[in-house]
Each structure stands twice: as structure tokens, then as C-alpha cells.
Amino acid sequence: MTKSIETKAADNIRILAASMVEKAKSGHPGGAMGGADFINILYTEFLNYDPSDMTWMNRDRFFLDPGHMSPMLYAVLSLAGYYSIDDLKSFRQWGSITPGHPEVDVLRGVENTSGPLGQGHTMAVGAAIAERFLTQRFGEWMSHKTYAFISDGGVQEEISQGAGRIAGVLGLSNLIMFYDSNDIQLSTTTNEVTIENTANKYEAWGWAVTTIDGNNPDQIRQALKKANAETEKPTLIIGKTIMGKGAVTATGESFERKCATHGMPLGETGASFEKSIENLGGDPKDPFVIFSDVKACYEKRKAYLTEAAIAKKAAQAKWAAANPELSAKLNKFFSGSAPEFDYASIVQKDNAATRAASSAVLAAFAGKIENMIVSSADLSNSDKTDGFLNKTKAFKKGDFSGAFLQSGVSELTMACIANGMALHGGVIPVCGTFFVFSDYMKPAVRLAALMELPVKYVWTHDAFRVGEDGPTHQPVEQEAQIRLMEKLKNHKGHNSTLVLRPADANETTAAWKLAIENTSTPTALILSRQNINNLPVEGNRYESALQSAKGAYIVLKPEGKPDVVLVASGSEVATLVSGAKLLTEKDGLKVQVVSVPSEGLFNNQPKEYRETVLPVGVPRFGMTAGLPVTLAGLVGENGKIWGLESFGYSAPFNILDEKLGFTSENVYKQVKAMLS
């Protein structure tokens, strides 16, 4: 019996996927073999993009959630012409462009970095939101679909709860997700860990759900047609697929639906790699082959997509000619460049909490930085992102004219959605919550750093001064953790994350300027709950605060060489200033006070500048509301750091300052002891 071209192409994907894993001696062939039928139909009949312009803003996006199924993605993209056979043969090897889990590479068709399950499809939700935001402003002519591919593991990860809920409540009909439901996990069968009715769950969230044979091309095709016609809800296509489809033993018996093929090369599972390749129509002696008729099928699709894109771009050009100002704005949005803004015009109240100062900045941005989308995890009136919200409105189903996403209590979901928005392009995502809950967000922050996404994090309630809420809400170790992301380099050799903890309201404005101008990595702003005294500055306070761009600068400079240098970030800088006053008045010491909003930026400065701020041979005293290790790289082994070495306590913040030694008197006491 002659195979249909759909089945032959899917088998070609299966052969290539299994061969990649076999040659690498590591990887996950089974899921890729099961999902091949869907991915083939999607790429040959539904996914719209421009083969001559892979970064085209109006392309459909495909987000892979189970990154371990990278052999399936690389295989289909090799059929489409974006990976060579040599690329597939170097799967998982040093220096290859086919890593074990996909890393974003839009020019080759990889829209997102995936690996940690659950994040990939949540990024797709963010991309779908960005698309609705932009079409609301520029017109439905630029509408496109976002497709996602999820596995049993992604459905089980808790983040799927937030992603499903938000997509449903917003009615993201531009989002279509295929669930590769093969009943097999890495170490067990699915029914041993869950008995939920997934279809009912997604329907309860407001999704349109259909269940099909996920290896049947006709059923896949009809489900995708129905999903593309949906106008009210996101769509979940549950495809019942066969793990390791086509795998056989040396005697020709089926080796499908086995846990072993999930995460091991076929030849190590009890299956026969050679017989499986033969069973699928390939040559085990030369399995890295694209069949001629399959190649012709993909080339035909490529020609169609190129012509279709030409027509769509002609319509766009016609729109642009009729709407030159809107067109210029759209191009600016997608340029990736920082928007222009008059930061000096922002009026800050004296001695304000830095969260309040951030609110003033966000209020100034609202309506001016027109492609900014701000989100909060049900804390907008506490993290003060409501400065932005009060001048716009939250997204609702069918109405994306506002610019605020109410994420609900789902910090990781919110952060992943922000990543998806950034990946889509055209928007500047901002998300806020309490700093202690950055723990929930870390997996997404890490991927943002890896993908070099300019997401902005607003983390408030930055220390034990959260007070009466107690240690559950008081960050202690969190600053040290996120500062590690400043030390960690991305693949371009740059600091993977910009971390800024401003010392007063004016530094907060300067910090936001740095955040907006940082278009190549994520930025974290760590902000206080309590009011902070302004730094002692002569002249223009904002102009002085712009020194934050160097990561650290001198706030209080004595005449001549200092006797001691006091170092801190955030609210502790003001405490050092008051402590310096005591040291000078009581003992005549020459004290230099340094604010270090970003250690990462400071370490990038020339040696001469760094030694001006932190003179060699001068004793240093650091103060941090976090772990002492937070300042260890700045103070050095010959200095002294006053920090927290335990969790906090529940009490008003001013009582905690006194009890925990964060007072000018204790600064005086500790510095005197150090110098003696």
C-alpha cells in the first residue's frame, strides 16, 4: 500500500528525529515520533510566515513547550529548509545550532527557548496578547495566529493553571494549542499521576476543546480548520498520539507506547533502531535523508507562503501609505530601540518610598510610551503599578485598547507571559509583585536572561521593613540571589540581567531610565515599601542620580583621602549618610558614602573609576538589609558588612530597624569597632 504524502512526510520527521538522538547517544525520540503528524500538517498547510523574511512582524508564531521534543522541531524545520543535514547530525554537540533543548533563533524558525515544562505554551499566551494589543491599535490587517504545542508534562506543571485561566478569561481566539496526549511520561504512565479530565478543565476556563486521533492527518486538518474559524475562545486540540510511533524490536514486534523511548535512544530501549528506521521507510545505513517527494511538498508550501506574504505585504504597504503616522509608530514599536522620554520632567516627592517614586514614573509613562504593557499579580495598589493602571484600563475579552494585564495571583505565569510578549515584539512588558515572590518568578527570569528579553520587573517591599507582615513576606536572601544574575553572563558575554536597587526617589527615576534604555536583557527594579530620606545632593537631584548609570557613585565625598568608605544600595544608603554624620561630628573622620544600585554595572566600569569610588587601601563598611554576601564583592575580605544572617521578624519597620541594628548609631558603633 502506498503511503499518503502526509504520512510519508511525518515518517520522514520520525526517521530524522530518531536518528538525531541515536547519533548523539542522548535525547528524547518517542515524543517527537508521536507528534510528527501534527507538526507536518501545521507546517505544510496552516502556519503562515514569509520564508524570505523570517522576522516578518505579521507571521504566525509556533511555540514549543516540551523542549525535549526538539528533534521534532529541528526535523520539520530541516524539511522547510532552515537546518541542514549536517546540523541534524551535530544534534546536542558543542558549537552546534541544534542544542538538546531549542534556543530562540527566529531566522531558523525557533520562536522560543524551551526546556522547563509549562513555560513554552505560557509564552504563547503572551504572544497572543501582544497580537491583540497591536491589532487593536493598527487594524485587523495585521492579525495572525499563535500556535502552541504542549505535552502531558506541560499540562501537569502548575503554570498551566494560570496560562489556561488567563487565555480563557481574555478570549484569545488567536491562540491554538495542540496537546500531545500520548499517555506516557518519562518514568511512568500518565494515569499513575493524574486522573483529571483535561478537556473539562480547559472548557471550564473558557476554551474550545476538541479531541482527535493525533496521528490521523485528516482529523488534524479538520481540527485546525475549526480552530482557525473560532472567534470567541482559545482552542485546545487534544491529540491522542502514540509514543514512539513506528518503533519496533529486532524481530519486528511493536515497541510503541513505552516509557523507555521517552528519554533514551531507540537502540538503548529494547527497540531496534535499524528495524524501526526500515519500518518507517528509511535506510538505517543512511537515515539522514529527506525524501524527494517530501522535499517537493515542502518546497511547494514555501513557494505558496512566499507569494502569500507578498500579497499581505502589499496590503500593508497600502495601509502604510494611507496612514503614514501610524505606520511610522508601528515600525518604531518593532525596531527594538528605546522610546524617547523626558525623564527630567518627572516630579518626585521628597523623602518618598521608592515604590511610590516608581509609581510616579509609571504614571508619566502611561499614554506616552504607547507600547508599554504593565501587569501585576493582584498587587497593583501595593506594588504601585496602579500609577500606570489609573491612566489606562485593564484588558478584557474583546477589548485590548487598554495597556494593563491583571494577572491574578500567578507570579510565574505573569513572568512567562511577559517573556512571550517580548518574543512577539512590538511591546515593552513590565510586571510587578513583592520582591519576596520573585522566588516564584525565577524560572522565567532565567529564561528571559537566556533569551536576552528586555522585560522589566517591578519588585517592591524590598526588605525586612515590610514589617508587620513578618518573615513570610520579608526578602532576606532574594537580593543575593538576583544579584547572581548580574554576575552570570549570557552567551554574548554581557551581564545576563540588570539589577537596580535605587536609594531614593530621584535614583528611582534614573533607574527607570536605565531600565527602558536596556533593550537587550531583563531589568529588575528593587523598591522600598517605606519612605526613604533623599540623598544629600547639591544642585539638581535628578542630574546627580544619573550617576547610577555607572552602577555605583559617591554620594558623600570628604576633602582629601577618606578614612573609611561606607557602601550600600537602596534604603541603607540613607542610614549610612546619617551614620557618616556621627563619625565626622564625634571623631572627625573623613567618610565617603557610596550608593551602589547595580554592582553589575559598576564592575563593567574602567578600573580607574572603580578605584575612585572604592579607593584601594581604605577600609570599607557595607550595610545591607539582605545577606551579608550581597555586598561581599564590593567590601572585600578586609572590610566589614552589617547584614541579616537570619530570617526577619514581625514588627513595625522602625522597631525592626532598631532591633536589627539598621540605625545611624549602629553604623557609628560598627565602623569604630572595625577601625580599632
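For the structure itself, consult the block above.
Residues numbered from 1 in each chain as written. Predicted model: local features only at pLDDT ≥ 70, side-chain atom pairs only at ≥ 80, totals over all residues. Heavy atoms only, no water.

(A) Local environment of unusual backbone geometry. Positioned with a positive phi, D378 is a non-glycine residue whose angle comes to about 65°. Mapped onto the elements of the fold, D378 is located in the loop between β6 (372–376) and α15 (386–389). The backbone of H461 shows a phi angle near 60°, a positive value even though the residue is not glycine. By the element assignment, H461 lies in the loop between β9 (456–460) and α18 (478–487). Note on H461: relative accessible area 3%, which makes it buried. (Helix = DSSP H or I, 4+ residues; strand = E, 2+ residues; numbered from the N terminus. Buried < 20%, exposed > 50% of the residue type's maximum accessible area, 1.4 Å probe, protein only.)

(B) Region of interest: the pairing of β9. Of all five residues making up β9, five are buried, and the element is well covered by its neighbours. Residue alternation in β9 divides its side chains into two sets, K456, V458 and T460 and Y457 and W459, and both sets are buried. In terms of strand pairing, strand β8 (residues 428–434) meets β9 through five bridges, oriented parallel. Each bridged residue has a counterpart across the sheet, and for V430 the counterpart in β9 is K456. In the classification by handedness, the crossover that spans β8, the intervening helix α17 (residues 438–451) and the parallel β9 is right-handed. Sheet topology note: the β9/strand β11 (residues 523–526) ladder contains four bridges and is parallel. Residue pairing across strands places V458 opposite L525, the latter belonging to β11. (Pairing = 2+ DSSP bridges. Right-handed = clockwise from strand over helix to strand, strands pointing away.)

(C) Expanded view of the layout of surface pockets. Approximately 520 Å³ is the volume found for the second largest pocket. As for the second largest pocket, its lining consists of 30 residues, and the residues nearest its centre are E131, R132, E140, S143 and N174. For the lining of the second largest pocket, the elements supplying multiple residues, two or more each, are α5 (119–138) and α12 (292–322). Take the lining of the second largest pocket: its biggest share by element is four residues, from α5. (1 Å grid on protein atoms, 1.4 Å probe; cavity = no way out; pocket = protein on both sides within 12 Å on 5 of 7 lines; lining within 4 Å. Points joined across faces, edges and corners; volume = space filled by probe spheres on them.)

(D) A look at the packing of aromatic side chains. For the structure shown, the criterion picks out 24 aromatic pairs. Here the aromatic rings of W141 and W319 are separated by 4.5 Å at their centres, their planes lie at 35°, and the arrangement is tilted. You can see W141 sitting in the loop between α5 and β2 (146–151) and its partner W319 sitting in helix α12, a full 178 residues away along the chain. Summarising the aromatic geometry, the rings of F341 and Y343 are spaced 5.2 Å apart at their centres and angled 65° between planes, so their arrangement reads as edge-to-face. (Phe/Tyr/Trp six-rings, centres within 6.5 Å; stacked < 30°, edge-to-face > 60°.)

(E) Spatial organisation of the sheet that holds strand β10 (residues 498–500). A sheet is described by the order of its strands in space; here six strands give the open sequence β7-β6-β8-β9-β11-β10, paired in parallel fashion. The open sheet has two edge strands, β7 (404–406) and β10, and neither has a second partner. In this sheet, neighbouring strand axes are inclined to one another by 15° on average, regardless of whether the strands run parallel or antiparallel. Note: β10 against β11, three bridges, orientation parallel. Residue pairing across strands places L498 opposite T523, the latter belonging to β11. (Axes fitted to C-alpha atoms, helices over the stretch in contact; angles between N-to-C directions.)

(F) View of the nonpolar core. One finds I129, F365, M372 and W512 to be the most contacted residues of the largest nonpolar core, which totals 95 residues. In terms of residues, this core owes the most to one element, α5, which gives ten residues. Discounting chain neighbours no more than four positions away, the residues touching W512 are Y343, S358, V361, L362, F365, V430, K456, V458 and L525. In terms of nonpolar packing, the next biggest core, distinct from the first, is built from 60 residues, I13, I41, I212 and Y298 among them. (Core = buried A, V, L, I, M, F, W, Y, C linked by side-chain atoms within 4.5 Å. Contact = heavy atoms within 4.5 Å.)

(G) A look at the pattern of salt bridges. The final tally for this structure, using the stated rule, is 32 salt bridges. Taking the shortest distance from any N to any O, the salt bridge between K313 and D50 comes out at 2.8 Å. With K313 in helix α12 and D50 in the loop between α2 (29–46) and β1 (61–64), this residue pair connects regions lying 263 residues apart in the sequence. What you see here is one network of salt bridges that share partners, running through D462, R465, E479, R483, E486, R501, E572 and D657. (Salt bridge = Lys/Arg side-chain N within 4 Å of Asp/Glu carboxyl O.)

(H) The arrangement of helix α19 (residues 505–517) in detail. The end-to-end C-alpha distance of α19 is 19 Å, a good match for the 18 Å that 13 residues give at a rise of 1.5 Å each. Most of α19 sits inside the fold, with eleven of its 13 residues counted as buried. Three or more residues of α19 are buried, namely A505, N506, E507, T508, T509, A510, A511, W512, L514, A515 and I516. The opening residue of α19 is D504, an N-cap whose side-chain oxygen sits 3.2 Å from the backbone nitrogen of N506. (Expected span 1.5 Å × (residues − 1). Polar contact = N/O pair within 3.5 Å; in protein donor to acceptor, adjacent residues only side chain to side chain.)

(I) Representation of the packing of α12 against helix α13 (residues 324–334). Orientation of α12 relative to α13, taken along the N-to-C sense of each, is 120°, at an axis distance of 5 Å. As far as their axial angle goes, α13 and α12 are oblique. Two secondary-structure elements touch here, α12 through W319, A320, A321 and A322 and α13 through P324, L326, S327 and L330. Its residues assigned to classes, the contact of α12 with α13 comprises seven nonpolar, one polar and no charged. (Parallel < 35°, antiparallel > 145°, perpendicular 65-115°, else oblique. Nonpolar A, V, L, I, M, F, W, Y, C, P; charged D, E, K, R; others polar.)

(J) Local environment of the state of the cysteines. If you walk through the whole model with that rule in mind, you get zero disulfides. Free of any disulfide, C416 has its nearest neighbouring cysteine sulfur in C431, separated by 9.8 Å. (Disulfide = S-S within 2.5 Å.)

(K) Seen up close, the sheet that holds strand β4 (residues 208–213). Across the sheet, which stays open at both edges, the five strands sit in the order β1-β2-β3-β5-β4 with parallel pairing between neighbours. Pairing within the sheet leaves two strands with one partner each, and these edge strands are β1 and β4. Going across the sheet, the axis of each strand differs from the next one's by a mean of 20°, ignoring polarity. Pairing between β4 and strand β5 (residues 235–240): six bridges, direction parallel. Following the sheet pairing, I212 is matched in β5 by G239.

(L) A look at empty space enclosed by the protein. Tallied over the entire structure, the rule returns seven cavities of 30 Å³ or more. Considering only enclosed or pocket space, the largest cavity measures out at about 100 Å³ in volume. Taken together, Y43, L47, Y49, M54, R59, D60, R61, F62, L77, V106, G109 and E111 make up the full set of residues lining the largest cavity. In terms of residue class, the lining of the largest cavity is made up of seven nonpolar, one polar and four charged. As a volume, the second largest cavity reaches approximately 50 Å³. Considering the residues around the second largest cavity, the lining is formed by E479, R483, S569, V596, E599, T630, L631 and L634. For the lining of the second largest cavity, a count of residues per class yields three nonpolar, two polar and three charged.

(M) Examining the side chain of N506 more closely. Position of N506 among the secondary structure elements: in helix α19. Sequence-distant contacts of N506, defined by excluding residues within four places in its chain, comprise Q348, N534, R541, Y542 and A545.

Shape is all these values report; function is a separate question.
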